[in-house]
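Here is what each chain is made of, one letter per residue.
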Amino acid sequence: MSQAFDVVVIGAGPGGYIAAIRAAQLGFKVACIDEWKNAAGGPAPGGTCTNVGCIPSKALLQSSEHFEHANHHFADHGISTGKVTMDVAKMVGRKDTVVKQNNDGILYLFKKNKVTFFHGRGSFVKAADGGYEVQVSGDKPETLVGKQVIVATGSNARALPGTPFDEENVLSNDGALRIGAVPKKLALIGSGVIGLEMGSVWRRLGADVTILEGLPTFLGAVDEQIAKEAKKAFDKQGLKIELGVTVGEIKTGKKGVSVAYTNAKGEAQTLDADKLIVSIGRVPNTIGLNAEAVGLALDERGAIVVDAECRTNLPGVWAVGDVVRGPMLAHKAEEEGVAVAERMAGQHGHVNFNTIPWVIYTSPEIAWVGRTEQQLKADGVAYKAGTFPFLANGRARALGDTTGMVKFLADATTDEILGVHIVGPMASELIAEAVVAMEFKASAEDIARICHAHPSLSEATKEAALAVDKRTLNF
Ligand SMILES: Cc1cc2nc3c(=O)[nH]c(=O)nc-3n(C[C@H](O)[C@H](O)[C@H](O)COP(=O)(O)OP(=O)(O)OC[C@H]3O[C@@H](n4cnc5c(N)ncnc54)[C@H](O)[C@@H]3O)c2cc1C
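If you're wondering where the values come from, they're calculated on a predicted model, not measured in any experiment.

> Even after reading the chapter, I still don't get the overall build of the protein chain, so can you show me in this structure?
Helices and strands together make up the secondary structure of the protein chain, namely 13 helices and 22 strands. By the compact-globule yardstick of 23 Å for 475 residues, the protein chain fits well, its C-alpha radius of gyration being 24 Å. Along the first, second and third principal axes, the C-alpha atoms of the protein chain reach 70 × 60 × 45 Å. For the protein chain, the proportion of contacts with a sequence separation of at least 24, taken over those separated by at least 6, is 61%.

So, in structure tokens, the structure goes:
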């Protein structure tokens, strides 16, 4: 006997669970299926983001930053401590508690919004009368029929060819968030967002960290000036980043891992480490979905093919988040989930890909929205740039965190903001103002004329907007 729903959502990561809630708010009868299990085998909705991504990484970043402050910066404030120690098991336990709070929060939200949750794997069976039959396999197998289906099955870590993750020596993001003791030497492959965040956590806790990066430029997607400033800060912290390397054979043994590689000068090198984290990107996940059963089209990367509005090749089947094209970001997945639910209800759901913010939660934080200076040059756009350093910001001085700057890029003729790039304290929070400004098509002068609280880091944003017109007040 099957259960009938207006909407069946497969996957309860940020794309799926948010789509389910929004669809329920709009009056649909909604089921959401997710297979993630917690340590006790129970449901753990929230996907990669909640379980092994955004949330646990930020919990460890916070703990390790406290440790770093206690060790190296408290003394500047006149605070003396005895020897500061770190109980890694407790730190990881706290992270697990934070994750569980988020899992439970989502289950509560499902109840509140009358979304029926099924714990297990959801697989297409066939096109059914007026929709699609989806099998839930798990402890309590069920058959559901959805008039419409939203696929939000996310992504998995990409392994190096020939070197599968064993989560003991060779770690994905999952294992990287569960290391039980500070490794003496930690190697990472890939200096993207995840590599830098994980490398920062374990460096702060005392590991000797080396990141090997295949590309010749550091953070190629980031504005060059900002990336350069960030690299300077990471070098100072002792985070070793080698660019332009070619990774060769990786050997694992009782003593850890040995990575053979050729450096940018073409010299053969070996990096020995206790653990290796591989963070070279993620691949769309359709394992177990049985996409073939209904003829759901995938592209050559394994991503579900969708149009600009997240429609797949099948009528009534939509896909959102990491399993489709576009940036693999939780907030992008959420926006697509909301937009799809609204489109199903005949509304005009909308995602502006030009104003999706990016954040790297290192110290200093890096955040940006819109185009970089190098992109504007490549696009032949005439622009004006304005920067303001945190060194000249009173709040940053009071915080004792003056690294970095805010940078505005505005159209040379209209003054419309084309990009905002921040490296420095609380960049993750400061970028929100820039996103709002760009969404409302503000000019740099609009921001320059807005009253910002004093003393606040946001004054650096106002000053960078003033700098576009070469009239900073405090620099
Ligand atoms: C270490 C790390 C840190 C990150 N930090 C950030 C950050 O700070 N900010 C940010 O924006 N992004 C971050 N991300 C990326 C972010 O986690 C993803 O972009 C986001 O989780 C994608 O959401 P999603 O809903 O598409 O998929 P996912 O979160 O991957 O969720 C998919 C869900 O579907 C379930 N599923 C899959 N197949 C089936 C099936 N057949 N049946 C039932 N269930 C199924 C999975 O179990 C999972 O629960 C980070 C990622 C990592 C790895």
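> Would you take a moment to explain the sheet that holds strand 19 (residues 365–370) for this structure?
Sheet strands associate in pairs through backbone hydrogen bonding, adopting either a parallel or an antiparallel arrangement. Across the sheet, five strands lie side by side as 18-19-22-21-20; this open sheet has antiparallel pairing. Looking at the sheet topology across the chains shown, the edges are occupied by strand 18 (358–360) and strand 20 (383–389). Across the sheet, the mean angle from the axis of one strand to that of its neighbour is 10°, orientation sign disregarded. When strand 21 (residues 405–411) meets strand 22 (residues 417–424), the two strands line up antiparallel, connected through six bridges. When the bridges of strand 22 are listed, Phe408 appears paired with Val420. Set on the sheet, helix 13 (residues 458–468) makes contact with strand 20 and strand 21; between it and strand 20 the angle comes to about 140°.

> What exactly am I supposed to notice about the environment of Ala227 here?
Tracing the backbone shows Ala227 in helix 7 (residues 224–237). Considered as a pair, Ala227 and His421 are 194 residues apart in the sequence and their alpha carbons are 9.8 Å apart. Look past the residues within four positions of Ala227 in its chain and what remains in contact with it is Phe218, Leu219 and Val222.

> I keep staring at the nonpolar core and nothing clicks. Help me out?
As a rule of thumb, nonpolar side chains are buried together in soluble globular proteins. One finds Leu196, Trp202, Phe218, Leu219, Phe234 and Ile366 to be the most contacted residues of the largest nonpolar core, which totals 36 residues. Of all the secondary-structure elements, those providing two or more residues to this core are helix 3 (54–72), helix 4 (88–112), strand 9 (185–189), helix 6 (193–204), strand 10 (208–212), helix 7 and strand 19. Setting aside residues no more than four positions away along its own chain, Ile366 makes contact with Leu219, Val222, Ile226, Ala230, Phe234, Trp358, Val359, Ile360, Ile422, Val423 and Ala427. Within the second largest apolar cluster, 30 residues are counted, among which are Phe408, Ile422, Ala442 and Ile447.

> Sorry if this is basic, but what is going on with the UniProt feature "binding site: NAD(+)" (unreviewed entry) in the protein chain here?
The feature "binding site: NAD(+)" (unreviewed entry), as annotated in UniProt, sits at Gly190, Ser191, Gly192, Val193, Ile194, Gly195, Leu196, Glu197, Glu213 and Gly281 in this numbering. Their sequence span is 92 residues, while the largest C-alpha to C-alpha distance among them is just 14.4 Å; these annotated residues converge on one region. For Leu196, the position within the fold is in helix 6. If sequence neighbours within four positions are ignored, Leu196 has contacts with Ser191, Ile211, Phe218, Leu219, Phe234, Leu239, Ile241, Ile360 and Thr362.

> How should the site of the ligand be read in this particular structure?
Inspection of the region around the ligand gives 37 residues, with Asp34, Thr48, Lys58, Gly122 and Ala330 positioned closest. Considered on its own, the ligand offers 1,000 Å² of accessible surface; in the complex 96% of this is hidden by protein. Mapped by element, the contributors of at least two residues to the shell around the ligand are helix 1 (14–25), strand 2 (30–34), helix 2 (47–52), helix 3, strand 4 (121–128) and helix 8 (330–344). Among the elements that line the shell around the ligand, the one with the most residues is helix 2, at four residues.

> Please explain the side chain of Ser63 as it appears in this structure.
The topology assignment puts Ser63 in helix 3. Leaving out residues up to four positions away in the same chain, Ser63 has contacts with Met86, Met91 and Arg94.

> Just to check I follow, could you spell out the packing of helix 3 against helix 6 for this structure?
Angle between the axes and distance between the axes: these two values describe a pair of packed helices. The interhelical angle for the contact between helix 3 and helix 6, taken along N-to-C directions, is 35°, at an axis separation of 8 Å. Helix-helix and strand crossings are classified by hand; for helix 3 and helix 6 the assignment is left-handed. On the side of helix 3, the interface is formed by Ser57, Lys58, Leu60, Leu61, Ser64, Glu65, Phe67 and Glu68, while helix 6 contributes Glu197, Met198, Ser200, Val201, Arg203 and Arg204.

> Looking at this structure, I do not really get the pairing of strand 19. What am I missing?
Look at any regular strand and the pattern is simple: side chains alternate between the two faces of the sheet. Summarising burial for strand 19: five of the six residues are buried, a large majority. In this sheet, strand 19 lies alongside strand 18 in antiparallel orientation, the contact comprising three bridges. Pairing of Ile360 across the sheet is with Ile366, part of strand 19. The loop that links strand 18 with its antiparallel partner strand 19 comprises four residues. In this structure, strand 19 lies alongside strand 22, joined through six bridges in antiparallel fashion. Looking at strand 22, one finds that Ile366 is bridged to Val423.

> Would you mind showing me how to read the sheet that holds strand 10 here?
Read across the sheet, five strands follow the order 8-15-9-10-11 without closing on themselves; strand pairing throughout is parallel. Of all the strands in the sheet, just strand 8 (170–171) and strand 11 (240–242) have a single pairing partner and so form its edges. Against the sheet, helix 6 touches strand 9, strand 10, strand 11 and strand 15 (275–278), its axis set at about 165° to strand 10.

> Explain unusual backbone geometry here, please?
Most peptide bonds are trans, and most residues other than glycine sit at a negative phi. With an omega of 5°, the peptide bond between Ser363 and Pro364 qualifies as cis. Positionally, Pro364 belongs in the loop between strand 18 and strand 19. Residue His454 is joined to Pro455 through a cis peptide bond whose omega torsion reads -10°. A positive phi is found at Glu167, a non-glycine position, where the angle reads about 60°. Position of Glu167 relative to the elements: it lies in the loop between strand 7 (155–157) and strand 8. Of note in this structure, Met426 is not a glycine but carries a positive phi near 55°.

Rules used in this analysis
Residues numbered from 1 in each chain as written. Predicted model: local features only at pLDDT ≥ 70, side-chain atom pairs only at ≥ 80, totals over all residues. Heavy atoms only, no water. Helix = DSSP H or I, 4+ residues; strand = E, 2+ residues; numbered from the N terminus. Rg over C-alpha atoms; globule rule 2.2 N^0.38 Å. Contact = heavy atoms within 4.5 Å. Pairing = 2+ DSSP bridges. Axes fitted to C-alpha atoms, helices over the stretch in contact; angles between N-to-C directions. Core = buried A, V, L, I, M, F, W, Y, C linked by side-chain atoms within 4.5 Å. Buried < 20%, exposed > 50% of the residue type's maximum accessible area, 1.4 Å probe, protein only. UniProt positions renumbered as here; feature names shortened; annotations may be inferred. Near = heavy atom within 4 Å. Areas by Shrake-Rupley, 256 points an atom, 1.4 Å probe, with all protein chains shown as cover. Left-handed = near helix turned anticlockwise from the far one by under 90°.

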